[in-house]
Amino acid sequence: MKTVLMVAEKPSLAQSIAKILSKGNCSSRKGLNGACSVYEYTGSFLGQAAHFKMTSVCGHVMSLDFIAKGCCYVVLWLDCDKEGENICFEVLDAIQPVMNQGSTREKSVYRAKFSSITDTDICKAMNSLGEPNQNEALAVDARQELDLRIGCAFTRFQTKYFQGKYGNLDSSLISFGPCQTPTLGFCVERHDKIQSFKAETYWILQAKVFKGKDNPLTLDWSRVRVFDREVGQMFINLTKTSREAQVVSVSKKEKVKQRPQALNTVEMLRVASQALGMGPQHTMQIAERLYVQGYISYPRTETTHYPENFDLKAALKQQSNSSMWAEEVKALLSGGLNRPRKGSDAGDHPPITPMRSASEAELGSDGWRLYEYITRHFIATVSQDCRYLQTTIDFLIGTEAFSCTGKTLISAGFTALMPWQSIPLEESLPACERGDVFTVDEIKLVEKQTKPPDYLTEAELITLMEKHGIGTDASIPVHINNICLRNYVTVESGRRLKPTNLGIVLVHGYYKIDAELVLPTIRSAVEKQLTLIALGRANFQQVLQHTLDIFKRKFHYFVDAISSMDELMEVSFSPIAETGKPLSRCGKCHRFMKYIQAKPSRLHCSHCDETYSLPQNGAIKLYKELRCPLDDFELVLWTSGARGKCYPLCPYCFSNPPFRDMKKGLGCNECTHPSCQHSLNSLGIGQCVECDGGVLVLDPTSGPKWRMACNRCNVVVHFFEHAHRVQVAQDSCDTCDASLVAVDFNKTRGPLPSGETQHTGCVFCDPVFQDVVELKHATMRYPRGVGGRRGGRGRGRGRRLHPKKPKDKMAALAAYFV
């Protein structure tokens with residue numbers, strides 16, 4: 001029996017697909033990485049009995065170790081977009097060398113194409129397998145390489161140049177991106193229009209007329225407005241001579257408000273931001289979750305046209321029992337669906353469609369709001385258009401023409417499902433004919449002023465990005481999120497994007513040096529070339545090399561002309577030497593260095609003109625005026641808060657690792673100095689109980705509530721509360737090799753018998769210590785280190801530690817959590 005390996009893009013997708021194809025008769029086990037499970041079942045493949053193994057990646061493949069040898073066929077169930085095609089070939093690179101090699105003529109690689117996680121769609125995909133598209137994968141490779149190389153070059157140069165000169169930039173990274181920077185450019189362009197706007201005064205004629213006992217009608221002036229007061233006064237004088245308004249014409253016309261086109265990603269993002277108050281990045285995360293759970297079709301699509309064979313009726317029937325729109329759905333099913341409006345077919349996926357019914361209890365607040373909009377939009381696309389009667393009455397007062405318009409609803413159509421699109425209720429116009437006379441109730445000259453445009457909303461920015469070809473439907477939310485995270489814009493009320501001082505200066509600086517770095521034109525041209533690669537009409541290497549050559553020349557010119565941007569920076573930001581407060585002494589000149597708290601926090605010695613990096617997202621204070629034995633810099637203490645972690649570090653060693661086995665950005669709790677009293681060798685106790693490679697290190701500042709913390713992840717172990725002193729001994733435990741701990745207990749609160757106060761033992765194995773050792777997780781503001789995990793906000797329940805023999809006897813510090 002041959003083995004078929006099937007690979008999905010996410011663990012949850014693998015589970016759903018395996019259950020559908022096996023009809024629920026599959027076994028499961030955890031994969032080696034602990035995140036991706038393996039589902040196994042037997043079935044039929046290409047007319048023969050086969051053993052299926054279904055597993056997944058977690059996005060792009062970052063490691064090429066693949067041990068599931070012996071499979072004869074592979075079926076790729078990656079997301080059906082360009083990124084998914086790219087991951088297909090990453091998977092193939094990893095698994096083809098270890099696959100069973102059959103006949104050279106025998107096809108072994110298959111690609112499943114699907115748009116929703118439903119029984120029908122998955123089974124249909126399995127029965128119509130194709131091949132992965134290498135051209136689309138190459139287009140993604142080109143985009144990734146271009147964005148990485150261009151972005152890294154400009155970002156590294158900008159960051160090092162400006163953070164070394166200015167202390168209050170308040171951004172940990174001065175980033176540049178071929179898509180991110182034009183996105184910021186749109187926001188700053190609107191800001192500049194607001195700043196340069198000069199209000200103008202204008203005048204309008206405002207008239208009110210009535211007939212009989214009817215309410216007065218407010219009329220619109222046919223000239224709209226004038227910008228000269230004297231001219232306005234002339235017109236008001238001409239109209240005041242008449243106290244009657246004569247009806248010149250009455251027109252009635254039936255009008256149609258068309259139902260919406262089918263929903264694509266960009267429109268979903270626009271509406272979610274504008275109407276639901278949800279940011280694009282958050283919206284896409286929710287949409288992906290709804291897709292994986294089978295509630296909606298694939299949420300990344302540029303298409304607004306349903307294919308002819310799409311079963312609209314079946315999708316609509318899924319909503320027939322909903323308490324929210326069952327009445328409208330049943331009416332459509334009985335009376336016949338209206339064919340959706342013709343949209344554009346991008347050839348990727350069908351429009352975003354609800355695939356099964358749901359309730360708010362199932363989806364949660366934001367999930368339900370997005371699902372409700374998607375469902376209402378879908379039902380609206382197969383509903384009737386909204387019809388209304390528009391009545392317009394034209395008047396003449398003296399020599400000036402006026403008019404008023406009213407609307408009367410004939411048929412609500414799709415607006416019954418989308419009430420926010422409904423025709424506003426207006427007072428009906430009085431019945432009249434040509435030649436009728438109304439009495440002028442009031443006519444006056446009103447002074448007004450033009451108003452500046454407002455800051456761009458996310459919805460408006462998305463529209464601009466789509467129009468100019470900046471990013472894709474999948475990456476647009478990422479670019480908008482990045483300019484927010486980099487502190488280039490802030491999100492104001494109404495989800496309007498207001499550029500910060502830093503964002504404004506950067507864009508103005510790019511304009512001074514090379515406007516093409518911020519204008520959308522060059523990126524739009526690159527996107528067109530990437531599209532040609534995906535279609536097989538352009539050569540991958542030629543496009544890549546040509547674009548890199550262009551930006552290489554731009555980069556060198558930018559470096560040479562950076563002083564133009566620096567002139568703008570000088571006006572807006574303070575020199576680093578004038579920023580911050582004195583904290584610790586420099587090991588070179590022994591003068592006080594200043595602690596700069598604005599992002600990225602750092603220490604600066606104005607005498608040596610040197611800047612030293614610090615750990616971020618925490619507080620820094622002086623550590624007992626102790627000095628590093630290697631460079632004589634005063635140590636500082638970093639802490640993430642009362643319930644977080646804490647460790648000392650040397651500012652110089654943090655940026656300049658003193659030993660070959662150390663990386664940049666490490667504190668004393670990871671320093672391998674053989675004899676320093678603050679180093680890992682002196683304070684390390686045992687291997688972390690949860691992460692690989694981490695060591696539990698005594699926090700010497702934590703008394704009297706003593707604790708040890710992992711130097712990689714957020715594990716914290718509390719022990720020996722109220723002890724006078726805790727020290728790491730030179731000896732190690734015979735059972736688990738962890739370092740022994742010498743404790744001097746409080747005489748009245750200690751666990752020792754007969755009033756004893758001192759005891760040395762292993763915190764994992766010694767029975768005296770077992771009841772006073774408790775594991776918790778630190779409250780962390782970000783995951784730190786290789787084994788780092790995001791800490792919870794609450795303290796949670798503690799867990800006791802129990803020893804277990806280490807697998808590797810060479811590990812000097814080892815203890816395991818059971």
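Rules of the game
Residues numbered from 1 in each chain as written. Predicted model: local features only at pLDDT ≥ 70, side-chain atom pairs only at ≥ 80, totals over all residues. Heavy atoms only, no water. UniProt positions renumbered as here; feature names shortened; annotations may be inferred. Domains from an automatic or database assignment. Contact = heavy atoms within 4.5 Å. Buried area = accessible area lost by both parts, 1.4 Å probe. Salt bridge = Lys/Arg side-chain N within 4 Å of Asp/Glu carboxyl O. Nonpolar A, V, L, I, M, F, W, Y, C, P; charged D, E, K, R; others polar. Core = buried A, V, L, I, M, F, W, Y, C linked by side-chain atoms within 4.5 Å. Buried < 20%, exposed > 50% of the residue type's maximum accessible area, 1.4 Å probe, protein only. Helix = DSSP H or I, 4+ residues; strand = E, 2+ residues; numbered from the N terminus. Pairing = 2+ DSSP bridges.

The chain is annotated in an unreviewed UniProt entry as DNA topoisomerase from Takifugu rubripes. In its Sequence similarities (unreviewed entry) section, the UniProt entry covering the chain states "Belongs to the type IA topoisomerase family." Recorded in UniProt for the chain, the comment headed Catalytic activity (unreviewed entry) runs: "ATP-independent breakage of single-stranded DNA, followed by passage and rejoining."

**Q** I keep staring at the domain arrangement of the chain and nothing clicks. Help me out?
**A** How big an interface is tends to be stated in terms of the accessible area lost upon association of its parts. Partitioning the chain into domains gives domain 1 (2-132), domain 2 (139-196 + 454-573), domain 3 (201-258 + 387-449), domain 4 (265-383), domain 5 (576-674) and domain 6 (683-779). If you average the C-alpha positions of domain 1 and of domain 2, the two centres end up 38 Å apart. Across the contact, 4 residues belong to domain 1 and 4 residues belong to domain 2. A combined buried area of about 390 Å² lies between domain 1 and domain 2, and 56% of that area is made up of carbon and sulfur atoms. Between domain 1 and domain 2 we count 0 salt bridges in total. For the side of domain 1 that touches domain 2, the per-class residue count stands at no nonpolar, 2 polar and 2 charged.

**Q** Sorry, what's going on with the nonpolar core here?
**A** One broad trend across soluble globular proteins is that nonpolar side chains are buried collectively. Of all hydrophobic cores here, the largest spans 122 residues; its most connected members are Met6, Trp77 and Leu370. Sorting elements by how many residues they give to this core places helix α12 (residues 365-381) first, with 8 residues. With residues up to four places along the chain from it excluded, the contact list for Leu370 reads Met268, Ala272, Leu276, Met278, Thr283, Ile286, Ala287 and Leu290. If you look at the next biggest cluster of nonpolar residues, it comprises 36 residues, including Leu680, Leu698, Phe719 and Leu775.

**Q** For this particular structure, what's the right way to read the side chain of Ser524?
**A** Inspection of the secondary structure puts Ser524 in helix α16 (residues 521-534). Those residues in contact with Ser524 that sit more than four places away from it in its chain are His468, Gly469 and Ile470.

**Q** How do you make sense of the pairing of strand β8 (residues 217-221) when you look at a structure like this?
**A** The two faces of the sheet receive side chains in turn, since in a regular strand these alternate between them. What you see with β8 is a clean split: Leu217, Leu219 and Trp221 sit on the buried side and Thr218 and Asp220 on the side with no burial. Where strand β7 (residues 201-210) and β8 come together, 3 bridges link them in antiparallel fashion. Bridge pairing links Val209 to Leu217 in β8. Connecting β7 to the antiparallel partner β8 that follows it, the hairpin turn spans 6 residues, and Gly212 within it adopts a positive phi of roughly 60 degrees.

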